[in-house]
Amino acid sequence: MGRLSNTYTKEAITQALRSLGEEPLWNQPSNTQFSCRLSKFQGAVVNVYSTGTVMVQGAGDAAAVAERYLRNVLGDGPAPAAKAAAPPRGAPAAAPAASAPPATARESIEAALRAASRLASSPSAAAAGAAQASTPLPTAAAAAPLAKDLAGGGTVLTFGKHGGRSYQQILSEEPGYCDWVLQQCANVASPGPALQSFGTWLHAQGVRAGA
């Protein structure tokens with residue numbers, strides 16, 4: 001059983017599940033709970049409560065995999081790590097943990113985009129960004145030039161039914177999906193960092209929702 005770190009509406013979870021290739025069919029076991037059984041993650045069930053709490057349940061590995069993908073799409077924090085059991089008395093000491101690997105190129109790109117988004121909070125940057133697009137994204141106006149330089153078309157999408165394909169390939173072959181991504185970035189309060197990064201790159205290429 002996994003509980004997401006943040007709270008979400010049923011609509012936000014529906015959009016996230018659709019980006020993973022699911023078409024959720026909700027039922028309402030009680031006045032305070034909506035439940036949906038997943039088809040691609042067989043055996044996993046997502047429960048959304050009126051408080052905004054989201055639980056991913058199920059037997060075997062399906063629920064854990066579904067929870068991990070859902071967290072990635074939503075940009076939700078990782079689940080708390082399980083406390084390691086104490087080693088048996090007399091067992092040799094465990095080797096020290098390896099240091100964290102250096103940030104990947106994709107992580108560096110996303111950090112740069114977040115920095116650009118913070119700059120966009122100034123009045124002058126916001127005014128310049130408003131003139132760039134008829135369908136503005138939450139952070140695309142100020143981050144677009146940086147995204148065009150850093151997040152090239154070779155960047156690989158890491159979620160959803162097109163995960164593993166490059167930005168440029170998806171733009172060339174899946175225009176409908178690109179339009180959906182831009183609409184999510186424009187209309188969903190918290191689209192998630194991976195979805196936002198792809199939407200920002202699309203915006204930098206001159207792609208607009210509904211075009």
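What you see is a predicted model; the values in this text were computed from it and never measured.

**So, the overall build of the protein chain**
Turning to step 1, where the next piece is worked out: The helix and strand inventory of the protein chain stands at eight helices and five strands.
Turning to step 2, where the next piece is worked out: Reading the protein chain from its N terminus to its C terminus gives the helix and strand order β-α-β-β-β-β-α-α-α-α-α-α-α.
Turning to step 3, where the next piece is worked out: If you take every contact in the protein chain between residues at least 6 apart in sequence, the share linking residues at least 24 apart comes to 52%.
Turning to step 4, where the next piece is worked out: Carbon together with sulfur atoms contributes 56% to the accessible area of the protein chain, which is approximately 11800 Å² in total.

**Side note on the pattern of salt bridges**
Turning to step 1, where the next piece is worked out: Counting across every chain of the model gives five salt bridges.
Turning to step 2, where the next piece is worked out: Each of Glu-67, Arg-71 and Asp-76 takes part in a single network of salt bridges with overlapping partners.

**Looking at the nonpolar core**
Turning to step 1, where the next piece is worked out: The biggest cluster of nonpolar side chains holds 34 residues, and the ones touching the most others in it are Ile-13, Leu-38, Leu-70 and Phe-198.
Turning to step 2, where the next piece is worked out: Those elements that place two or more of their residues in this core are helix 1 (10-19), strand 4 (44-49), strand 5 (54-58), helix 2 (62-74), helix 6 (167-173), helix 7 (175-187) and helix 8 (193-204).
Turning to step 3, where the next piece is worked out: At six residues, the largest contribution of residues to this core is made by helix 2.
Turning to step 4, where the next piece is worked out: Excluding its chain neighbours within four sequence positions, the residues that come into contact with Ile-13 are Leu-4, Tyr-8, Trp-26, Val-46, Val-48, Val-54 and Leu-74.

**What about the pairing of strand 5?**
Turning to step 1, where the next piece is worked out: Where strand 1 (residues 2-3) and strand 5 come together, two bridges link them in antiparallel fashion. Bridge pairing in strand 5 places Gly-2 opposite Val-56.
Turning to step 2, where the next piece is worked out: Note: strand 4 against strand 5, five bridges, orientation antiparallel. Bridged to Asn-47 within strand 5 is Met-55.
Turning to step 3, where the next piece is worked out: In this antiparallel pair of consecutive strands, strand 4 and strand 5, the connection spans four residues, and Gly-52 shows a positive phi of 95°.

**A closer look at the environment of Gln-15**
Turning to step 1, where the next piece is worked out: Counting through the fold element by element, Gln-15 comes out in helix 1.
Turning to step 2, where the next piece is worked out: The contact partners of Gln-15, leaving out residues within four places of it in the chain, are Trp-180 and Gln-184.

**Regarding the pairing of strand 4**
Turning to step 1, where the next piece is worked out: In terms of residue burial, strand 4 counts as a mostly covered element, since five of its six residues are buried.
Turning to step 2, where the next piece is worked out: Two successive antiparallel strands, strand 3 (residues 33-37) and strand 4, enclose a turn made up of six residues, where Gly-43 displays a positive phi of approximately 95°.

**Observations concerning the packing of helix 1 against helix 2**
Turning to step 1, where the next piece is worked out: One can describe the packing of helix 1 onto helix 2 by two numbers: an axis separation of 10 Å at closest approach and a directional angle of 110°. Considering their axes alone, helix 1 and helix 2 lie roughly perpendicular with respect to each other. Contacts between helix 1 and helix 2 pair Ala-12, Ile-13, Ala-16, Leu-17 and Ser-19 from the former with Leu-70, Val-73 and Leu-74 from the latter.
Turning to step 2, where the next piece is worked out: Looking at the contact of helix 1 with helix 2 residue by residue, the class counts come to seven nonpolar, one polar and no charged.

About the cut-offs
- Residues numbered from 1 in each chain as written.
- Predicted model: local features only at pLDDT ≥ 70, side-chain atom pairs only at ≥ 80, totals over all residues.
- Heavy atoms only, no water.
- Helix = DSSP H or I, 4+ residues; strand = E, 2+ residues; numbered from the N terminus.
- Contact = heavy atoms within 4.5 Å.
- Areas by Shrake-Rupley, 256 points an atom, 1.4 Å probe, with all protein chains shown as cover.
- Salt bridge = Lys/Arg side-chain N within 4 Å of Asp/Glu carboxyl O.
- Core = buried A, V, L, I, M, F, W, Y, C linked by side-chain atoms within 4.5 Å.
- Buried < 20%, exposed > 50% of the residue type's maximum accessible area, 1.4 Å probe, protein only.
- Pairing = 2+ DSSP bridges.
- Axes fitted to C-alpha atoms, helices over the stretch in contact; angles between N-to-C directions.
- Parallel < 35°, antiparallel > 145°, perpendicular 65-115°, else oblique.
- Nonpolar A, V, L, I, M, F, W, Y, C, P; charged D, E, K, R; others polar.

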